[in-house]
Amino acid sequence: MNAIKYVSFLLLVAAMLLPTACQKDFLDRKPIVGTTEENFYRTAEDAQAAINAAYAPLQFELSPAGHFRWFWGDIMSDDSEKGGSGDNDANELLQLENFNGAANTDLLEGEWSADYEGIYRANVVLERVPAIEMDPTLKAQILGEARFIRSWFFYNLVTMFGGVPLADHVLAPSEYNLPRATADEVWMLIESDLNQAIEDLPVRSAYGPEDLGRITKGAAQALLLKSLVWQKRWPEAQAIAEEIILSMEYDLASDYGSIFTQDGENNIESIFEIQYMNASGGNWGKNNANEGTFTNVFQRARGQFEGFGFNIPTEDFVQEFFKEGFEDPRLAHTVFREGDAMGDRGVFTQDAAGQPYAYYPKKYFNNKSEEAPFGDPNPNGGSNDRVIRFADVLLMHAEAAYHNNMEGPARTSLNRVRARARGGNTNILPDVTASGQALLDAIYHERRVELGLEGHRFFDLVRTGRASDVLGPLGFVSGIHELFPIPVSQIQATNGAITQNPGY
Amino acid sequence: MKKIYILFLALFSLSSLYGQREVTGQITDASNQEPLIGVTVRIQGKTEGAISDLDGKYRLSGVDDQTVLEFSYSGMKTKLETVGNRSVIDVQLDENISLIDEVVIVGYGSQKRSNISGAVSSVTAEEIAELPVLRVEQALQGLTAGVQVTQNSGSPGSPLTVRVRGTGTINNSDPLYIVDGIPVDGLDFLNPNDIESINVLKDAASAAIYGARGANGVVLITTKTGKKNEQGLIHYDAYVGMQSAWKKTNLLSASEYAMLSNEAHIAAGKTPLPEFADPSALGAGTDWLDAIFTEAPMASHQLTFTGGSEKSTYSVSGNYFDQDGIVGGEKSGFKRFTARINGSHEVKPWLTVGTNLGLTNLKRNFLPENNEFTTPLVRALNMDPVTPIRKADGTYAYSRYADTDIVNPLNAIDQTHNSWNSNRIVGTAFGVIKLAKGLQFRSSYSVDATFAQQDIFFPRFDLSNDPNLSDAPAGEKNLTNSVVIQHNKWQTWQWENVLTWETQIGSLHHFTITGGTTALENSHEYSGGANTNLPSNDPKDAYIANTIDPITSQSAYSGADESSLLSFFGRVNYDLNDRYLLSAALRSDGSSRFGANNRFGTFPSVSAGWIISHEEFWNLPKVDFLKIRASWGLNGNDRIGNYGFTSVVLSGQNYTFGSGEVITNGSVPLTVSNPDLRWESIEQTDIGLDAEFFEGRLSLVVDYYQKNTSGMLYAAPIPLTVGANPPIRNIASVQNTGWETALSYRNQAGAFKYSFGGNISFVKNKVTSLGEGGEPVFAGRVQSANANVTKTEVGQPIGSMFGFVTDGIFQNQEEINNHAFQNEGTAPGDIRFVDLNNDGVINQDDQTYIGNPIPDFTYGFNADLEWKGFDLGLFFQGSQGNDIYNATVRYDFTYVNRPVDVLNRWTGPGTSNSQPRVNLNDPNQNARVSDRFVEDGSYIRLKNAQIGYSLPRTILDRMHIQKFRVYASAQNLITITKYSGMDPEIGAYNGALEAGIDRGFYPQARVYLAGVNLTF
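Residues numbered from 1 in each chain as written. Chains lettered and ligands numbered in written order. Predicted model: local features only at pLDDT ≥ 70, side-chain atom pairs only at ≥ 80, totals over all residues.

Draft legend 1. Seen up close, the overall build of chain A. Secondary structure assignment for chain A yields 19 helices and six strands. Counting only C-alpha atoms and orienting by the principal axes, one finds that chain A spans roughly 120 × 50 × 45 Å. Out of the 504 residues belonging to chain A, those deemed buried represent 51%. Across chain A, the fraction of contacts at a sequence separation of at least 24, relative to all contacts at a separation of at least 6, is 67%. (Helix = DSSP H or I, 4+ residues; strand = E, 2+ residues; numbered from the N terminus. Buried ≥ 20, exposed ≤ 12 C-beta atoms within 10 Å, placed from the backbone. Contact = placed C-beta atoms within 7 Å.)

Put into structure tokens, the structure is as follows:
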């Protein structure tokens, strides 16, 4: 009897040890349903959804995460002023514009936040997609898109803030207080990412119409070009610019005026364009889920034009179009002057707009008929953001060639842009024949009028060293204002691991 | 030595045939001379014996002059009698009133109370029987020091908030419930009548044996079983009762409402409503509170069979419980059927097997509770009194004034069809093997399975005066009906193996060594569906397929989740000469809920006690027992969600692609995952004292503790560099410090027996960390102010109320001019807010802490008197020093009704310094979150008053009945409170961060019951 007793006890003890033996499996429970990190990233569709999510922050505009390129590129420059209903309307922006902005603005935090959100999402793709079994060409393309997106957001950060924390992977909790890297380190990551993306991405014509808006090889080349130009690496810049030009994937649109119309979206000279549409149904509270842009309503005149009247062109900017002794025809496509018809919204007068501004920006104007068919039209503007146009590439090529002492090719590219602007009117915009500093000045002038109010000016002034001359009277101090202040909240959130830029 | 001598003599005499004879006798209760049934009579040192019969009589053979008889009976002092030359030995047993000798169930074992060195509170079946509790948690309320129990809602079947020694975390602070060794979620399935005892393990050392689950205390519940050698008994226990609202807020009559409406319009520069031209003509109008409250019946019937033989015990019971709600009657009703079979059998001398099995079917109907939008209470409180309940044609009327949420509450109740029907099996099968003397092995396999169905039906209705015009507002009509059905299946199995070795070295060193393992798996599956536009509007036809076109309009979903736990534990209890006690426990828990980097947690504890009164030198005759004890331990809280370590991939992160501008889905985890995720841990130190005086008549327990929660889960803000929302991390901490004491006195004077008991618990709660940066947490949004009421910040109690401080009413314009700027529209009669930072403007920087939802102390006390068959019991329970934020009036709407206090409003200089003027627009934001809405939530409540009468033995004997008692009781008969709302007893319905906000609680009922207890 005792034997039975002990045998049964031993059997139970043996059975008890069973779960112990396979404890790893027993305790390893992954979510069964619902999409979680554990069960996502398995198919090509998952990879596609992952890369699409990385595109979404390109559209982010308002706090808590987002930016308007024209806030920094135009309003911070001598081309335009904040505008709005008065000084108290987005007062933070006015202070930044006057170069006495504080480091604790929602705007800067929004920029920082949107950039890193985009970087995080690209990092997720770069970490998760390689393990998915799928068509290798599509996989390479998706990874290329992710590398471009990561580069784009780092480009925003490095050109605005200098060296920033180099989040080149999804950060673990122990890495949250990542300190700033140097600007050179950021540029190196951008360059290696873009070189890889150039290898992996299809050219524009290789995409089907359903993929319109996806990042192309040309876009990666163009962003690399911008990066090289910023770093004044002229020979490499000229080479990559020539690759783009010779790819024959892009050309100038024949009619300058058509570029910023609805029909002009994703046209022949579009290299990188952030896509927006007018029918997402998004609203003010959920602006990051929008497919539409606020740029349309923000830049429209107030009053009967139902806008908010931001980004008001300066007299100095308008006068730039008269510098050559005639009115550059591009002015009429860049700025509304009194008496101009504002599309189907009526004729612009200061009375109709209810404000004492003589000019309004035109490139991102939208017609009433183009507004969102349902929901609140304000957050749902449909105009794409033309980030990199072929004209920009040609002008960067001209600038690089000039610095490489190749004035001939420089003048060729410059004059190609002027010829299109001329539109057959031989009385204006003659070919530039100058050389030396006069040629460089001509290129600078051409950038200002050709790319006016497209978010380039402030950064052009900073990278070419002209900012203190041009913006000094507006408060710009050399050695400080080339960079924006790091958002104070982020210095605090990292216990000071992130340091402030000099002068702030 | 003496014992052995007696034993030797006994054996010697047994062997000599002619020394043996027989004794008989009767055993009675010394207090009332009534016979005691089932007393064990044994020859000391031997196993054979006899049991007293229905008349208390026994017969035992094989004794001689030297035989010592041992008479033992539960609850009575054991008595020894030497036979001598007697052949009839009648014995009177005295009640054992000392608590020290009671056996207390602790984790994986039991211990004599005198030898426990941790902090454990107990509630016995008798205490539960005294107040007919509807839910198990109520049995803990006011009866156990250190345990705060508050009713979340007076709705039948609603769970209660139970906090053992304070609020341990901003997350789930519920204790771990173990019923007969089975961990269970929620106690609604359990019939209180089936409970033998409830023991609450309060300190870390007692709870540490439950490791990663014990941090918020452990409630061990044991159900009734029969006893060995007990004669078969049949118990019938039943009561019926009637419930009603104990309080109604006084609201404005129709004429008062109209008068104030006119004033409010004029103050806002608007024309008063023409129909209110003569307010007095409107009369009293509708009393909506009166309309929604109803008298609600309740009843319980229980039949129990218990008994036991030499080798077996059994207990079989069945119960039917039915309670309607005082709001909506059956619409918030609760019905429960339970059946329980507990039994065990000694198969072999070394093997006992048994089973505890409970079956429950319950049905609960739901009305919306505790929100400001859809509850009958908030609607009745806010609905204007001008609107009649019904139109002339008998159909429900709608209000022309009320806004969206405030609809006719009676119609809304009628249109609510939301029921929960579940079947639950909670059972365990066990075997105990006696391996050697003192060494036993217990293996048990348990299952807890719940199968539940929820049926929701939204009928078509339209309160429009003219259906063609459809003039009723959106909330008063629903033109498309719909049905939702959801099935849930929860299953838990647990296999537990425990080895216990009781031994002693010499006569001084006693050891109890326990070791064991647990494997447990939880799984949950759900499926459900919905459909709209059913041709039939009858709830009985509300099935998903009952539509004209079932396929295109229906939706369906299903899913599942699971978790598992694997544990190893051990404990050593050592007692030296019954004087020095030492206990140490260690548990290691592996849980699938913890991230891969922290799969196992280890939880140690140690406790020690010194029974000073057992020392030789002890010579205080009035103090029979004195023990001091101290404990320290570490526990965990594993209620952190099943997959907290991973993160959800959210779709909808879209972008536009293609020449046709197609919105294309993108998916990304918006929150970072945290593979380091682990349990919340609580470290607790306890020192305590147990004492008894005057032969056990007076007993005292005192405890002081400090409980530090660390690694509390919180999604603290992180640097934006991360690019995603902050993960939930183990970063915050909370401290609870407190002391608690329980005192009881019982005595007897002739036929008069009495006992008094009381306990009081003090606790202070403080958040000690919210992670790096320590950003405060704002929560508890109230609609009336459209703002958060609570702020949880380092250094403050969890969920402290935060807002503006009022300083009376502006009596004239000059006072406004001399005060800090408040609002453009501020006018005489508006509230003056204190400019706390003296910057000349009242803004968000002038907010401060204005209330604490956590009581300074909670208490309970009871008195029980017995005299010649009559018994009287009174039980009071209360809470002191907690604040309630009264958010029941929807100030965000202009046309709502108000409590009558508003009649004392400011109407001119000097008229009021507390009630502001009425104004339709509230330009001064008088309704903002301020101390104006913070009220003292203290209360004392006569929870139960009961009077009973038991028939005397002389009559019962003739009827062959053991016990017949009838009683009447009243619950919530008296409530003393300053709180102006419907009920001061408010639980943490939405969790610790929003405790103490009254958004329209379903108040508790006053209950009158009559019942009977019959045993035969």
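Draft legend 2. Quick peek at the overall build of chain B. The secondary structure content of chain B amounts to 10 helices and 53 strands. For chain B, the C-alpha radius of gyration of 32 Å lies close to 31 Å, the compact-globule estimate for 1016 residues. Considering only C-alpha atoms, chain B reaches an extent of 115 × 70 × 65 Å along its principal axes. Counting the 1016 residues in chain B, one finds 46% classified as buried. (Rg over C-alpha atoms; globule rule 2.2 N^0.38 Å.)

Draft legend 3. The arrangement of the interface of chain B and chain A in detail. Taken together, the contact pairs 55 residues of chain B with 58 residues of chain A. In terms of residues, the side of chain B that touches chain A owes the most to one element, strand 28 (residues 555–576) of chain B, which gives seven residues.

Draft legend 4. Representation of helix 10 (residues 234–246) of chain A in the model. Compared with an ideal rise of 1.5 Å per residue, which puts 13 residues at 18 Å, helix 10 of chain A spans 18 Å between its outermost C-alpha atoms and is within 8% of the ideal. Taken as a whole, helix 10 of chain A has its buried residues at Ala237, Gln238, Ile240, Ala241 and Ile244 of chain A. (Expected span 1.5 Å × (residues − 1).)

Draft legend 5. Geometry of the sheet that holds strand 49 (residues 934–936) of chain B. Residue and element names in this part refer to chain B. If you walk across this open sheet you meet the three strands as 49-48-52, and the pairing is mixed. Both outer strands of the open sheet, strand 49 and strand 52 (997–998), are each paired with one neighbouring strand and no more. Two strands pair when backbone bridges link them, and strand 48 (residues 883–886) and strand 49 are joined in this way by three bridges, in the antiparallel orientation. Its bridge partner lying in strand 49, Ile884 is registered against Glu935. (Pairing = 2+ DSSP bridges.)

Draft legend 6. View of the packing of helix 6 (residues 106–128) of chain A against helix 7 (residues 136–161) of chain A. Residues and elements named next belong to chain A. At their nearest, the axes of helix 6 and helix 7 sit 9 Å apart, and the two run at 155 degrees to each other. With respect to each other, helix 6 and helix 7 are oriented roughly antiparallel. Pair helix 6 / helix 7 crosses with left-handed handedness. On the side of helix 6, the interface is formed by Glu111, Asp115, Gly118, Ile119, Ala122, Asn123, Val125 and Leu126, while helix 7 contributes Ile142, Leu143, Ala146, Ile149, Arg150, Phe153, Phe154, Asn156, Leu157 and Met160. Here the residues of the contact of helix 6 with helix 7 sort into 12 nonpolar, three polar and three charged. (Axes fitted to C-alpha atoms, helices over the stretch in contact; angles between N-to-C directions. Parallel < 35°, antiparallel > 145°, perpendicular 65-115°, else oblique. Left-handed = near helix turned anticlockwise from the far one by under 90°. Nonpolar A, V, L, I, M, F, W, Y, C, P; charged D, E, K, R; others polar.)

Draft legend 7. Representation of the packing of helix 14 (residues 390–403) of chain A against helix 16 (residues 437–450) of chain A within the structure. All names here are of chain A. In the contact formed by helix 14 and helix 16, the axes pass within 10 Å of each other and the chain directions differ by 165 degrees. Overall, the two elements helix 14 and helix 16 adopt an arrangement that is roughly antiparallel. Here helix 14 runs over helix 16; the crossing is left-handed. Of helix 16, the residues touching helix 14 (which contributes Ala391, Leu395, Ala398, Glu399 and Tyr402) are Leu439, Leu440, Ile443, Glu446, Arg447 and Glu450. Counted by class, the contact of helix 14 with helix 16 contains seven nonpolar, no polar and four charged residues.

Draft legend 8. Spotlight on the nonpolar core. Ala50, Val125, Ala220, Leu223 and Leu225 of chain A are the most contacted members of the largest nonpolar core, which totals 119 residues. When residues of this core are assigned to their parent elements, the largest contribution, 13 residues, is made by helix 7 of chain A. Filtering out sequence-adjacent residues up to four positions away, Leu223 of chain A remains in contact with Phe148, Ser151, Trp152, Tyr155, Leu194 and Phe272 of chain A. Tyr108, Ile195, Val219 and Phe569 of chain B belong to the second-largest nonpolar core, a separate cluster that totals 79 residues. (Core = buried A, V, L, I, M, F, W, Y, C linked by C-beta atoms within 7 Å.)

Draft legend 9. Looking closely at the sheet that holds strand 4 (residues 57–63) of chain B. Residue and element names in this part refer to chain B. Strands sit in the order 4-1-7 across an open sheet of three strands; the sheet is mixed. Two strands in the sheet have a free side with no partner beyond their single neighbour: strand 4 and strand 7 (91–93). On average, each strand axis in the sheet is inclined to that of its neighbour by 35 degrees, with strand direction left out of account.

Draft legend 10. Geometry of unusual backbone geometry. Residues and elements named next belong to chain B. For Asp578, which is not glycine, the phi dihedral falls at a positive 60 degrees. Within the secondary structure, Asp578 is located in the loop between strand 28 and strand 29 (580–591). With a phi close to 45 degrees, Lys868 is a non-glycine residue in the positive phi region. Following the sequence through the fold, Lys868 ends up in the loop between strand 46 (857–867) and strand 47 (870–880).

Draft legend 11. Representation of the confidence of the model for chain B in the model. All names here are of chain B. Averaged over all residues, the pLDDT of chain B equals 90, while 98% of them reach at least 70. Here helix 1 (residues 2–15) stands out as the element of chain B with the lowest mean pLDDT, 44, in contrast to strand 49, whose mean of 97 is the highest. Contacts from residues 1–18, a stretch scored under 50 in pLDDT, to residues over four places away or in other chains number 12 contacts. As a predicted assembly, this complex carries a pTM of 0.81 together with an ipTM value of 0.92. (pLDDT = per-residue confidence, 0-100.)

Draft legend 12. Local environment of the environment of Arg336 of chain B. All names here are of chain B. Within the secondary structure layout, Arg336 lies in strand 20 (residues 329–348). Exposure remark for Arg336: the 23 C-beta atoms within 10 Å place this residue in the buried category. Taking the C-alpha atoms as reference points, Arg336 and Asn421, separated by 85 residues in sequence, lie 9.8 Å from one another. Setting aside anything within four residues of it in sequence, one finds Arg336 in contact with Phe321, Thr360 and Leu362.

Draft legend 13. Structural view of the pairing of strand 29 of chain B. All names here are of chain B. Pairing geometry for strand 28 and strand 29, over 12 bridges, is antiparallel. Residue Gly570 lies in a different strand from strand 29, and its bridge partner there is Leu586. Between the end of strand 28 and the start of strand 29, which pair antiparallel, lie three residues, with Asn577 showing a positive phi angle near 55 degrees. Direction of pairing for strand 29 relative to strand 30 (residues 600–611): antiparallel, over a ladder of 11 bridges. Directly across from Asp589, in strand 30, lies its bridge partner Gly601.

Draft legend 14. Molecular detail of the pairing of strand 17 (residues 233–245) of chain B. Residue and element names in this part refer to chain B. The pairing of strand 17 with strand 18 (residues 296–308) spans 11 bridges and is classified as antiparallel. Looking at the pairing, Tyr236 lines up with Leu303 of strand 18. Across 11 bridges, the pairing between strand 17 and strand 53 (residues 1005–1015) is antiparallel. Bridge assignment links Ser244 to a residue of strand 53, and that residue is Arg1006.

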